[in-house]
Amino acid sequence: MSNVGARKSRGRVTGWLKIRGYSIEKVMYLVQRISGLMIVGFLLWHLLDTNQAYLLITELQILFGVIIIFHALNGVRLVLAEYGFIVGKPIRAVYPYKFTTLRGLQRLSVALVIVVFIILTAIWILNIVGVIG
Amino acid sequence: MKVTFKIFRFNPAVDSSPRWSVYEVEVDKSATILDALLKIKENIDPTLTLRYSCRQAVCGSCGMVINGKERLACFTRVLELNSNMITIEPLKNFPVIKDLVTDFTELFVKEKTIKPYIIRRDLEEMMKPVGMYLQKEEETLSYLQFAECIECGLCVSACPTVSIDRLFLTPMVLNKAYRFSIDPRDEGFEERLSIIDSEHGCWRCHFALACSNVCPKGIDPGKSIQYLKNMITSHSLLELFLGRTKKKKKTELLERPHISSEPEI
Ligand code: SF4
Ligand code: SF4
Ligand code: FES
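Reading the values: rules and limits
Residues numbered from 1 in each chain as written. Chains lettered and ligands numbered in written order. Predicted model: local features only at pLDDT ≥ 70, side-chain atom pairs only at ≥ 80, totals over all residues. Heavy atoms only, no water. Helix = DSSP H or I, 4+ residues; strand = E, 2+ residues; numbered from the N terminus. Buried < 20%, exposed > 50% of the residue type's maximum accessible area, 1.4 Å probe, protein only. Contact = heavy atoms within 4.5 Å. Areas by Shrake-Rupley, 256 points an atom, 1.4 Å probe, with all protein chains shown as cover. Buried area = accessible area lost by both parts, 1.4 Å probe. Salt bridge = Lys/Arg side-chain N within 4 Å of Asp/Glu carboxyl O. Polar contact = N/O pair within 3.5 Å; in protein donor to acceptor, adjacent residues only side chain to side chain. Nonpolar A, V, L, I, M, F, W, Y, C, P; charged D, E, K, R; others polar. pLDDT = per-residue confidence, 0-100. Domains from an automatic or database assignment. Near = heavy atom within 4 Å. Pairing = 2+ DSSP bridges. Axes fitted to C-alpha atoms, helices over the stretch in contact; angles between N-to-C directions.

Student: Lay out the overall build of chain B with the relevant residues and their values.
Tutor: When helices and strands are counted, chain B shows 10 helices and 9 strands. Principal axes of the C-alpha set define a box for chain B whose edges measure 65 × 45 × 35 Å. Residues counted as buried form 54% of the 265 residues belonging to chain B. Sequence-distant contacts in chain B: of pairs separated by 6 or more residues, those separated by 24 or more amount to 68%. As presented, chain B carries roughly 12500 Å² of accessible surface, and 55% of it is formed by carbon and sulfur atoms.

Student: Tell me about the interface of chain A and chain B, and name the residues and values.
Tutor: Each partner contributes to the interface: chain A provides 45 residues, whereas chain B provides 55 residues. Each partner contributes to the roughly 4100 Å² buried at the junction of chain A and chain B, and carbon and sulfur atoms together form 56% of this total. Viewed at the interface, chain B and chain A are joined by 3 salt bridges. The tally of links from chain A across to chain B stands at 14 residue pairs in polar contact (both at pLDDT 80 or more). At the level of secondary structure, the elements contributing two or more residues to the side of chain A that touches chain B comprise helix H1 (14-17), helix H2 (24-48) and helix H3 (58-82) of chain A. Counted by class, the side of chain A that touches chain B contains 19 nonpolar, 13 polar and 13 charged residues.

Student: Kindly report on the confidence of the model for chain A, identifying the contributing residues and their values.
Tutor: Mean pLDDT over chain A stands at 86; residues scoring 70 or higher make up 83%. With pLDDT under 50 throughout, residues 1-6 of chain A is counted as low confidence; its partners more than four residues away or in other chains account for 9 contacts.

Student: Describe in detail the side chain of Gln32 of chain A, supporting the description with residues and values.
Tutor: Along the chain, Gln32 of chain A falls in helix H2. Non-local contacts of Gln32 of chain A, meaning those with residues more than four positions away in its chain, are made with Phe70, His71, Asn74, Gly75 and Leu78 of chain A.

Student: Would you mind going over the domain arrangement of chain B in detail, with residue names and values included?
Tutor: A common way to state how big an interface is: give the accessible area lost once the parts meet. Residue and element names in this part refer to chain B. When its domains are assigned, chain B resolves into domain 1 (2-102) and domain 2 (105-242). Inter-centroid distance (C-alpha atoms) of domain 1 to domain 2 is 30 Å. Counting from both sides, the interface comprises 16 residues of domain 1 and, opposite them, 16 residues of domain 2. Counting the surface lost from both domain 1 and domain 2, the interface buries some 1100 Å², and carbon and sulfur atoms represent 61% of this. Taken as a group, Glu70, Asn93 and Phe94 account for 44% of the area that domain 1 buries against domain 2, more than any other trio of residues on that side. The interface formed by domain 1 and domain 2 includes 0 salt bridges. Between domain 1 and domain 2 we count 5 residue pairs in polar contact (both at pLDDT 80 or more) in total. Residue assignment for the side of domain 1 that touches domain 2 shows that the elements contributing at least two residues are strand E3 (63-66) and strand E4 (69-72). Considering every element that reaches the side of domain 1 that touches domain 2, the biggest residue donor is E4, with 4 residues.

Student: Mind laying out the site of ligand 2, listing which residues take part and the relevant values?
Tutor: In the neighbourhood of ligand 2, the contacting residues comprise Cys149, Ile150, Glu151, Cys152, Gly153, Leu154, Cys155, Met172, Cys215, Pro216, Ile219 and Pro221 of chain B. A class-by-class count of the residues in the shell around ligand 2 yields 10 nonpolar, 1 polar and 1 charged.

Student: Account for the sheet that holds E4 of chain B, with residues named and values stated.
Tutor: Residue and element names in this part refer to chain B. If you trace the 5 strands from one edge of the open sheet to the other, you get E2-E1-E5-E3-E4, paired in mixed fashion. The open sheet terminates on both sides in strands that have one partner only, identified here as strand E2 (19-26) and E4. In this sheet, adjacent strand axes meet at a mean angle of 35° when their direction is disregarded. In this structure, strand E1 (residues 2-9) lies alongside strand E5 (residues 85-89), joined through 4 bridges in parallel fashion.

Take a look at the structure:
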């Protein structure tokens, strides 16, 4: 076989990071992954040190709130999308091609997640700062 | 117009690591990346290796990563990229055979596992056909878009899941699984289930839509895969709660007496 010793160009995690040239959904995917990992990390830390409520510095608290808000909102969008509810009907593949996943309801759901995320984040931050201030 | 091409070079037989070659090529408005590559091969460097066949986005052999994005060389005009420095690499997530040529063997093995053909339970009917199955337009439309795949592997190279899970079935194969499972003539969904509903099956797709971003034929694999998940879920729910599975609506059989009932051998 000619491919003996062939070099694998498997991107590994860099495959997650490639967003140039792709649409916003790829960015949402990346943020979802990172926020998910951070939540897992936070839970592990929490298991090791259940007393951390005293340790939490406000910035960290704010950050985790923000991360959880994003992850949950985008998670709802993903559940809808991954069961095929907002990805559009099958169409004819005639040139110029249309990708119903990259427009319409699905795109709208991305916008909605971002808007609601900004509103909830603002409320959350104002709330914490208010409590402290 | 003069355009500079920076091309990935690697020959596993002699090179220990990849290198880059740089060429300057004069291109006109109509030139595709494939034209430019062939010009390089013919006039400047005959050792440059690439794969192509149809030159018209039909055969799926000329996929490569052009300026960081997966594209067909024959379906991309040089000047549409709006850049006078063009980087060309082989598809990601595939072993490189030489330069821009990648090895699809693994992908085709995966494809085989999902039985990419119409499966009928009735062997008798398969051996002695008596007519044809006439499809209504909406029946055809349920799979038509997903049937146009040319197996170019662009989606496989773009998918972030393939890059971390070597055994992931890939968007191309999952799209194919849906295309056949939803076909009104097919009865093979349950046979494919153990593969597509596995650890490396459709649930590893996380809807990044990189695949739909790069597909050159308008297939939208990011759509068919989500429908596949829906299909599997409703199938399992029905089985769990009602203890039965959905009967597929059968396409109407149109008897055609002139179709010989004895296969000629
Ligand atoms: S939508 Fe799924 S299959 Fe397509 S690129 Fe994303 S993870 Fe891969
Ligand atoms: S789904 Fe599109 S990108 Fe993927 S192999 Fe088929 S034609 Fe190529
Ligand atoms: S040469 Fe056939 S798809 Fe490009």
